[in-house]
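So the chains spell out like this:
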Amino acid sequence: MSTVSAHVALTLAQHIDAVFGVMGNGNAYFLDAIEKQTGASFTAVRHEQGAVVAADAHYRASGRIAAATSTYGAGFTNTLTALAESVQAHIPLVLVVGDEPTSGPRPWDVDQIALASGVGARTYTVGRADAAATTVIAIEHALTYRVPVVLAIPYDVAALEAGEVPAAPAPRVPAPLAPRGEFAEGMLDRIAAALRTAERPFLLAGRGAWLAGAGDALGALADATGALTASSALGRGVFPDQRYDLGVTGGFGAEAAMELVRTADVAVVFGASLNQFTMRFGDLFAPGTQVFQIDVAPAATHAHVGGFVRADARLAADALVTRLAGAPGSGWRESVDVAAARAYEAGDPAAPDGRLDPRSAARRIAELLPEDRVVVSDGGHFIGWANMYWPVASPDRMMMIGTAFQAIGQGWPSVVGATRARPEATVVLTSGDGGGLMAIADLESAVRSAGGRGLAVIWNDAAYGAEVNLYGLKGLAREPMLIPQVDFAAFAAAVGAEGVAVRTLADLDRLASWTAEDPATRRFLVLDLRISGDVIAPYQQEIIRVNS
């Protein structure tokens, strides 16, 4: 015989191989079943927020859905910020939680369904007779709508015997959305005609294009039209031929590359939401550029879009390649020095205040990082440096966790999820001192999970840099924006990692020797970069300009 919790665990494990969480009263029977009765791996984290973050990072790194788990009450409320991030970033995962008894709430219970709904997550509650079926429905909802779901096990139901686990169907996943109807076909004809006659065609792709598997089709379309290409921050590397790729658009883009984008006469956008950062707050395209968008969203997502097709990025790109067979191509990309356009400022060895210049540090780290890297980024001012200076091979090798919800403090547990998803890779965390301290409990989780395949770069300016840049420059009190200088190298040593306080570029030589060592014998490395807060990232300068 099996308990209700075992029904949930056994059904979940048919579709999910990684579970992250903190054990408590509400999920004890579920975790017992995961450990004893399934082949799924459970990885403990030290804060419940970290459980959801790790499951989120696991999906971003691998495309495989994972589960998080916490107890009821305080354990559940600790997950809410991470849950909101996953909702807004459209990350499917299942959060298995304990919940109040069916007889009603106890003094320490809260309305978890209302709280989850408040951040945009739907809750499915299991019962004695339907635990397996409800679990499949929850997984199906997460995968269909690309959102996290909460799977709740009432406290007085968790240990009830429920009989043999019934056979459950596999979750249904919708087929890719094909262009349908006269309007869609007519708009594709119009886009093809515009690309055929364009002198300076430009293709922009986002994470949606990567999820659709559109890379090869987009490469063929770029070849057929002679287009320059670029990506959103979450789509970097989606185009297979990087010789003609201008990098990331928006504030992370090189200035000369963004000037080239403004000279495009036709731009087609695939699977990118065109948020304010990608669009440089409306300045990415020139007024005369014809802008078309192809996305699975119900309608165009920016006012500058002049033509829209609701469709899967790969299917639409294939349709355009077919329409453009025999097209002469513009020749634009061969006339442009893309490498020069993508160049960023080198920076100085040290800033005027004597601390490290983050630009030169980022450039030197890029030269030393292992080629097999997967980069996970916390939120904060520092996000510009890795995004500008550290190239990656594909979108699933650069994850920005926290930025959708404008959150910090999700960096350390991101390492846990990415490591479980890509155990063969070197996982590199980029985090600020503010976010690093906020999630410091899961430094231990990161070190334990990644070992010698883990590396963290902490951009330590002894401040909440974004707040200093936005509000300190306006004359607001700076004291609440400052952080006493923290020794992250010492934190690292306390949990069995190696820490290096980096005050000069020469101190980064330890990264070179660490990269050359065997991952099986080296320790997790934490680089505590003592950077200057006076060097403001270009994307922050854009935000300052817009908000001043």
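Residues numbered from 1 in each chain as written. Predicted model: local features only at pLDDT ≥ 70, side-chain atom pairs only at ≥ 80, totals over all residues. Heavy atoms only, no water.

- Under an unreviewed UniProt entry, the protein chain has the name Acetolactate synthase large subunit and belongs to Microbacterium azadirachtae.
- Reading the Sequence similarities (unreviewed entry) entry of the UniProt record for the protein chain gives the comment "Belongs to the TPP enzyme family." (UniProt positions renumbered as here; feature names shortened; annotations may be inferred.)

1. Things to note about the environment of Leu 505
Link 1 in the chain: Note on placement: Leu 505 falls in the loop between β17 (498-502) and α21 (509-516).
Link 2 in the chain: Overall, the relative accessible area of 25% leaves Leu 505 in the partly exposed class.
Link 3 in the chain: When the C-alpha atoms of Leu 505 and Leu 529 are compared, they prove to be 9.6 Å apart, with 24 residues separating the residues in sequence. (Helix = DSSP H or I, 4+ residues; strand = E, 2+ residues; numbered from the N terminus. Buried < 20%, exposed > 50% of the residue type's maximum accessible area, 1.4 Å probe, protein only.)

2. Examining the pairing of strand β7 (residues 201-205)
Link 1 in the chain: Judged by how many residues are buried, β7 sits mostly within the fold: five of five residues are covered.
Link 2 in the chain: Because side chains alternate across β7, one face comprises the buried residues Pro 201, Leu 203 and Ala 205, and the other comprises Phe 202 and Leu 204, equally buried.
Link 3 in the chain: As paired elements, β7 and strand β10 (residues 266-270) share five bridges and run parallel to each other. From the neighbouring strand, Ala 205 faces β10, where its bridge partner is Phe 270.
Link 4 in the chain: Here four bridges tie β7 to strand β8 (residues 228-231), and the two strands are oriented parallel to one another. What sits directly across from Ala 205, in β8, is Ser 231. (Pairing = 2+ DSSP bridges.)

3. Focus: the sheet that holds strand β14 (residues 398-400)
Link 1 in the chain: Across the sheet, which stays open at both edges, the six strands sit in the order β14-β13-β15-β16-β18-β17 with parallel pairing between neighbours. Looking at the sheet topology across the chains shown, the edges are occupied by β14 and β17. In this sheet, adjacent strand axes meet at a mean angle of 15° when their direction is disregarded.
Link 2 in the chain: This element, helix α14 (residues 358-368), spans β16 (454-460) and β18 (525-530) of the sheet and lies at about 170° to β16. (Axes fitted to C-alpha atoms, helices over the stretch in contact; angles between N-to-C directions. Contact = heavy atoms within 4.5 Å.)

4. Describing the nonpolar core
Link 1 in the chain: Counting residues in hydrophobic clusters, the biggest one holds 54 residues, and the most contacted among them are Leu 95, Val 150, Trp 412, Val 415, Phe 524 and Val 526.
Link 2 in the chain: In terms of domain composition, this core takes at least three residues from each of domain 1 (2-162) and domain 3 (358-547).
Link 3 in the chain: Apart from residues lying up to four places away in sequence, Val 526 is in contact with Trp 412, Ala 456, Ile 458, Phe 488, Ala 492, Glu 498, Gly 499 and Val 500.
Link 4 in the chain: Residues Leu 356, Val 375, Met 400 and Val 502 belong to the second largest nonpolar core, which totals 39 residues. (Core = buried A, V, L, I, M, F, W, Y, C linked by side-chain atoms within 4.5 Å. Domains from an automatic or database assignment.)

5. Considerations on unusual backbone geometry
Link 1 in the chain: Phi is positive for Arg 146, close to 50°, though the residue is something other than glycine.
Link 2 in the chain: Tracing the backbone shows Arg 146 in the loop between α7 (131-145) and β6 (148-154).

6. Considering the UniProt feature "domain: Thiamine pyrophosphate enzyme N-terminal TPP-binding" (unreviewed entry) in the protein chain
Link 1 in the chain: Listed under "domain: Thiamine pyrophosphate enzyme N-terminal TPP-binding" (unreviewed entry) in the UniProt record, and renumbered for this structure, are residues 3-103.
Link 2 in the chain: End C-alpha atoms of residues 3-103 are separated by 19 Å, and the span's content is 48% helix alongside 19% strand.

7. Regarding the domain arrangement of the protein chain
As a measure of interface size, the accessible area lost when the parts come together is often cited.
Link 1 in the chain: For the protein chain, the domain assignment lists domain 1 (2-162), domain 2 (182-342) and domain 3 (358-547).
Link 2 in the chain: Taking only C-alpha atoms, the centre of domain 1 and the centre of domain 2 are 38 Å apart.

8. Here we look at the sheet that holds β6
Link 1 in the chain: Judged by pairing direction, the sheet is parallel, and its six strands sit side by side in the order β2-β1-β3-β4-β6-β5 without closing on themselves. Looking at which strands have only one partner, the edges of the open sheet turn out to be β2 (41-44) and β5 (122-125). Direction aside, the axes of adjacent strands within the sheet are offset by 25° on average.
Link 2 in the chain: Relative to β6, strand β4 (residues 93-99) is paired through seven bridges, and the arrangement is parallel. Opposite Asp 99, over in β6, you have Pro 154 as the bridge partner.

9. Overview of the packing of helix α3 (residues 48-62) against helix α5 (residues 80-89)
Link 1 in the chain: Running from N to C, α3 and α5 cross one another at 25°; their axes reach a closest spacing of 8 Å. Comparing the axis directions of α3 and α5 gives the class roughly parallel. Residues Gln 49, Val 52, Val 53, Asp 56 and Arg 60 of α3 lie in contact with α5, whose contacting residues are Thr 81, Ala 82, Leu 83, Glu 85, Ser 86 and Ala 89.
Link 2 in the chain: Split into classes, the residues belonging to the contact of α3 with α5 amount to five nonpolar, three polar and three charged. (Parallel < 35°, antiparallel > 145°, perpendicular 65-115°, else oblique. Nonpolar A, V, L, I, M, F, W, Y, C, P; charged D, E, K, R; others polar.)

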